[in-house]
Amino acid sequence: MSVVLDKQVNDFIATKRRLFIDGAWVDAASGKTFDTPNPATGETLATVAEGDAEDIDRAVRAARRAFEDGPWGRMTPSERGRIIWRIGDLILEHLEELAELETLDNGKPLSVARVADVPLAADLFHYMAGWATKIEGNTISLSMPGFDFHSYTLREPVGVVGQIIPWNFPLLMAAWKLGPALATGNCVILKPAEQTPLSALRLAELMAEAGLPAGVVNVVTGFGETAGAALAAHNDVDKVAFTGSTEVGRLIVHAAAGNLKKVTLELGGKSPNIVFDDADPDAAVQGAANAIFFNHGQCCVAGSRLYIQADRFDDVVSGVAEVARSIKLGDGMEPDTQMGPLVSDEQLRRVTGYLDAGRGDGATAVVGGARHGERSYFVEPTVLTGTRPDMSVVREEIFGPVVVAAPFQSLDDIARVANDTPYGLGAGIWTRDISKAHALAKKLRAGTVWINCYNVFDAALPFGGYKESGWGREMGHEVLEAYTEVKAVTVQL
Ligand code: ADP
């Protein structure tokens, strides 16, 4: 390995990582542990406690105590905001260390973790810190004749929140979830993905250092079917926030039905990226490639259906294929790596299974189309053409560096095709015609539309899905609704 690991990273992964409950590091009640591998080598990276239902229950009780009786609820909004801001500062102070942890655990290039995952996580906390002092209710005039009332609303924290996050942006997803929950005064049990538990555990240490009281954030590592399911079903959890597959999202909804806890979901996608014949050619090709190949296509919002106006189809496809061929695959810790391995053997089998299905259905790989090398979980960046709308590679989320490209004729035609999916997370439009861009943006059934750009995220921009891509929004001020209850108070004067 050409990079010497940060000393703190070495120390961190050399020690068995325990659960963070009530401000203390504890073993799982069962005493069980699991290994988290480095996807670039397949070797064990670190050993982590395997929490299950009993540990979730312990963490929920800690969060409940912290919510009802702890110093958190008595702090002023300004004090809470300063702690959240400090978490953002500490993330930046530990940028290199966190980026290395993320690359080792997830496989993504270190260069990407340094400029995207870690700074965006810090930015999220900084943005949300500002909201802590701006959570407000309203005064309301009532219409009942003959009486005089004073009515107002209070916006209060939901209470104890379970948060279940995926492995594609482990630290950033933790930030997206924790930032708004803390800004609105909730207490949290965070369950990171079993593939990538490390950065959330390091974040727990940084949050304690920032002054977050014990029990306000608890981190329970473990598996989805055990720890995750127990959290979603727990009767003393007031809300569950989930990011992951649509399939597991449905399980969360069922599990949450017991106590009818509030649910927000950020789920899968099959996002259309639409290139008109008047688009800037270089920008559209680069944008289409970035939309699918960023993070190895392991993005819920990946631009995995590329639609190109017929006249330009061959040029754009060959341009994207050219970019795909030039991408350097390798260990994320190597400085010149542009794409690392997929996160796990399971994902490798999933993605190559789709490639086989596409080939079997008659699609053609213009570039890629197979596993890369024999070792680890690399997949070649792939562009498929000759698809039909009913093929699984067109309809289902692949979650790998695989894009299907198809031609279209007109704006109305493409609006219908783009919306012909159960998902509705993102969409991209490439054109120099401003009214065409806005006209299409209105027609698309998706939570995010990018025009002449893709994968632009900001803590201030709401993000989430229409249709089966989810419920509710992350980030922006919209997310605050999901973490607050509204109480209407009326006084007869
Ligand atoms: P992916 O398919 O991308 O791996 P998943 O939806 O399986 O994503 O996982 C996302 C998160 O959901 C992970 O933290 C995982 O442990 C958790 N999870 C998986 N199954 C369940 C379940 N039945 N109940 C609750 N959480 C689950």
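Scroll up to find the structure this text is about.
Everything numeric here is computed off the predicted structure, so don't read it as measured data. Residue positions are given per chain, counted from 1 along the sequence in the order it is written. Where local features are concerned, this predicted model is filtered to residues with pLDDT of at least 70; where side-chain atom pairs are given and counted, the filter is 80 or more; whole-chain, interface and lining totals use all residues. Where side-chain values are given, they derive from all heavy atoms of the structure, hydrogens and water being excluded.

A. Spotlight on the overall build of the chain. Under the DSSP-based scheme used, a helix requires at least four consecutive residues in state H or I and a strand at least two consecutive residues in state E, with every element numbered from the N terminus. Within the chain, the regular secondary structure consists of 17 helices and 20 strands. Atoms considered for the radius of gyration are the C-alpha atoms alone. The globule rule reads 2.2 Å times the number of residues to the power 0.38. Computed over the C-alpha atoms, the radius of gyration of the chain is 23 Å, within 12% of the 23 Å expected from 2.2 N^0.38 for a compact globule of 493 residues. Taking the principal axes of its C-alpha atoms as reference, the chain extends roughly 70 × 65 × 40 Å. In this scheme, a residue with accessible area under 20% of its type's maximum is buried, one over 50% is exposed, and one in between is partly exposed, where area comes from a 1.4 Å probe on protein chains only. Buried positions account for 57% of the 493 residues belonging to the chain.

B. Structural view of unusual backbone geometry. For Asp22, which is not glycine, the phi dihedral falls at a positive 55°. Note that Asp22 resides in the loop between β1 (19-21) and β2 (24-26). For Asp22, a relative accessible area of 31% corresponds to the partly exposed category. With phi around 60°, Ser376 is a residue other than glycine that occupies positive phi space. Examined against the element boundaries, Ser376 turns out to sit in the loop between β14 (364-367) and β15 (382-385).

C. Structural context of helix α5 (residues 95-106). For α5, spanning 12 residues, the distance from its first C-alpha to its last is 16 Å, which sits close to the expected 16 Å at 1.5 Å a residue. Of all the 12 residues making up α5, 10 are buried; the element is thus mostly covered by neighbouring parts of the structure. Within α5, burial applies to Glu97, Leu98, Ala99, Glu100, Leu101, Glu102, Thr103, Leu104, Asp105 and Asn106. Expected helix span is computed as 1.5 Å times (number of residues minus one).

D. Spatial organisation of the sheet that holds strand β6 (residues 149-157). Strands were regarded as paired on the criterion that DSSP finds at least two bridges between them. The strand order β5-β6-β20 describes an open sheet built from 3 strands, whose pairing is antiparallel. The open sheet terminates on both sides in strands that have one partner only, identified here as β5 (139-140) and β20 (484-492). Sheet topology note: the β5/β6 ladder contains 2 bridges and is antiparallel. In the sheet register, Thr139 faces β6, and the bridge partner there is Tyr152.

E. How the structure looks around the environment of Lys467. Residue position: Lys467 is located in the loop between β18 (448-451) and β19 (470-471). Given the relative accessible area of 33%, Lys467 is considered partly exposed. With 24 residues separating them along the chain, Lys467 and Val491 place their C-alpha atoms 41 Å apart. If sequence neighbours within four positions are ignored, Lys467 has contacts with Asn419, Thr421, Pro422, Tyr423 and Arg445. In the analysis that follows, any N or O atom pair within 3.5 Å is treated as a polar contact, provided that within protein one partner can donate a hydrogen and the other can accept it, and provided that, for residues neighboring in sequence, both atoms belong to side chains. Separated by 2.7 Å, the side chain of Lys467 and the backbone oxygen of Thr421 make a polar contact. Whether two residues are in contact is decided by their heavy atoms: any pair within 4.5 Å suffices.

F. Structural detail: the sheet that holds β14. In spatial order, the strands read β14-β15-β16-β13-β12-β17-β18; together these 7 strands make up an open sheet with mixed pairing. Two strands in the sheet have a free side with no partner beyond their single neighbour: β14 and β18. Between one strand axis and the next, the sheet turns by 25° as a mean value, whatever way the strands run. The strands touched by helix α12 (residues 313-326) within the sheet are β12 (272-275), β13 (305-309), β14, β15 and β16 (402-408), with β14 carrying the most contacts at an inclination of about 65°. Each axis is a line fitted through C-alpha atoms, and for a helix only the stretch in contact is used; angles between axes span 0 to 180 degrees, taken between their N-to-C directions.

G. Inspection of the site of the ligand at higher detail. What surrounds the ligand is a group of 17 residues, the closest being Ile165, Trp167, Lys191, Glu194 and Ser245. One of the side-chain nitrogen or oxygen atoms of Lys191 is found 2.6 Å away from an oxygen atom of the ligand. Note that a nitrogen atom of the ligand is positioned 3.4 Å from one of the backbone N or O atoms of Ala229. Of all the secondary-structure elements, those providing two or more residues to the shell around the ligand are α9 (224-233), β10 (239-243) and α10 (246-256). Being near a molecule or strand, for a residue, comes down to having at least one heavy atom within 4 Å of it.

H. View of the side chain of Lys177. In this fold, Lys177 is placed in helix α7 (residues 170-183). According to the relative accessible area criterion, Lys177 is buried, its value standing at 1%. At 2.7 Å, the side chain of Lys177 and the side chain of Thr243 are in polar contact. Sequence-distant contacts of Lys177, defined by excluding residues within four places in its chain, comprise Gln163, Ile164, Ile165, Ala241, Phe242, Thr243, Glu474 and Tyr483.

I. Focus on the packing of aromatic side chains. Note on ring pairs: Phe, Tyr and Trp rings are taken, using the six-membered ring of Trp, and paired if centres are within 6.5 Å. Classes follow the plane angle, with under 30 degrees stacked, over 60 edge-to-face and the rest tilted. Evaluated as defined, the whole model comprises 12 aromatic pairs. Here Phe276 and Phe408 contribute two aromatic rings whose centre-to-centre distance is 5.3 Å and whose plane-to-plane angle is 90°, an arrangement assigned as edge-to-face. With Phe276 in the loop between β12 and α11 (281-293) and Phe408 in strand β16, this residue pair connects regions lying 132 residues apart in the sequence. In this pair, the class of Phe276 matches that of Phe408, namely buried. Judged by centre distance (5.6 Å) and plane angle (80°), the ring pair of Trp450 and Phe457 falls under edge-to-face. Given the relative accessible area of 23%, Phe457 is considered partly exposed. In textbook terms, an aromatic cluster arises when at least three aromatic residues are bridged by ring pairs, as seen for Trp176, Trp450, Tyr454, Phe457 and Phe463. Note that Arg17 overlies the ring of Trp25, its terminal NZ or CZ placed 5.9 Å from the centroid. Throughout this description, the term charge over a ring refers to an Arg CZ or Lys NZ atom that lies within 6 Å of the ring centre and within 35 degrees of the ring normal. Over the aromatic face of Tyr483 sits the side chain of Lys239, whose NZ or CZ is 4.7 Å from the ring centroid.

J. Region of interest: the side chain of Ser392. With respect to the secondary-structure elements, Ser392 resides in helix α14 (residues 392-395). Given a relative accessible area of 18%, Ser392 falls into the buried group. Setting aside chain neighbours within four positions, we find Ser392 in contact with Tyr354, Ala357 and Asp361.

K. Examining the pairing of strand β3 (residues 33-37) more closely. Residue alternation in β3 divides its side chains into a buried set, Phe34 and Thr36, and an unburied set, Thr33, Asp35 and Pro37. Linking β3 to strand β4 (residues 44-49), which pair antiparallel, is a turn of 6 residues; within it Gly42 sits at a positive phi near 80°.

L. Seen up close, the packing of helix α1 (residues 7-14) against helix α8 (residues 198-209). Two numbers describe how α1 lies on α8: the axes approach to 12 Å, and their chain directions differ by 105°. When the axis of α1 is compared with that of α8, the two are roughly perpendicular. Facing α1, whose interface residues are Gln8, Phe12 and Ile13, α8 presents Leu198, Leu201, Arg202 and Glu205. Gly is placed with the polar residues, together with every amino acid not listed as nonpolar (Ala, Val, Leu, Ile, Met, Phe, Trp, Tyr, Cys and Pro) or charged (Asp, Glu, Lys and Arg). A breakdown of the residues in the contact of α1 with α8 according to their chemical character gives 4 nonpolar, 1 polar and 2 charged. If an angle is under 35 degrees, it is roughly parallel; if it is over 145, roughly antiparallel; if it lies from 65 to 115, roughly perpendicular; otherwise it is oblique.

M. Broad picture of the packing of helix α15 (residues 411-418) against helix α16 (residues 434-443). α16 packs onto α15 with a crossing angle of 30° between their chain directions and a minimal axis gap of 10 Å. Viewed along their axes, α15 and α16 form a crossing whose handedness is right-handed. Between α15 and α16, the contacting residues are Leu411, Asp412, Ile414 and Ala415 on the first element and Lys436, Leu440 and Lys443 on the second. Classifying every residue of the contact of α15 with α16 by side-chain character gives 4 nonpolar, no polar and 3 charged. Take the far helix as the reference: if the near one is turned anticlockwise from it by less than a right angle, the crossing is left-handed, and if turned clockwise, right-handed.

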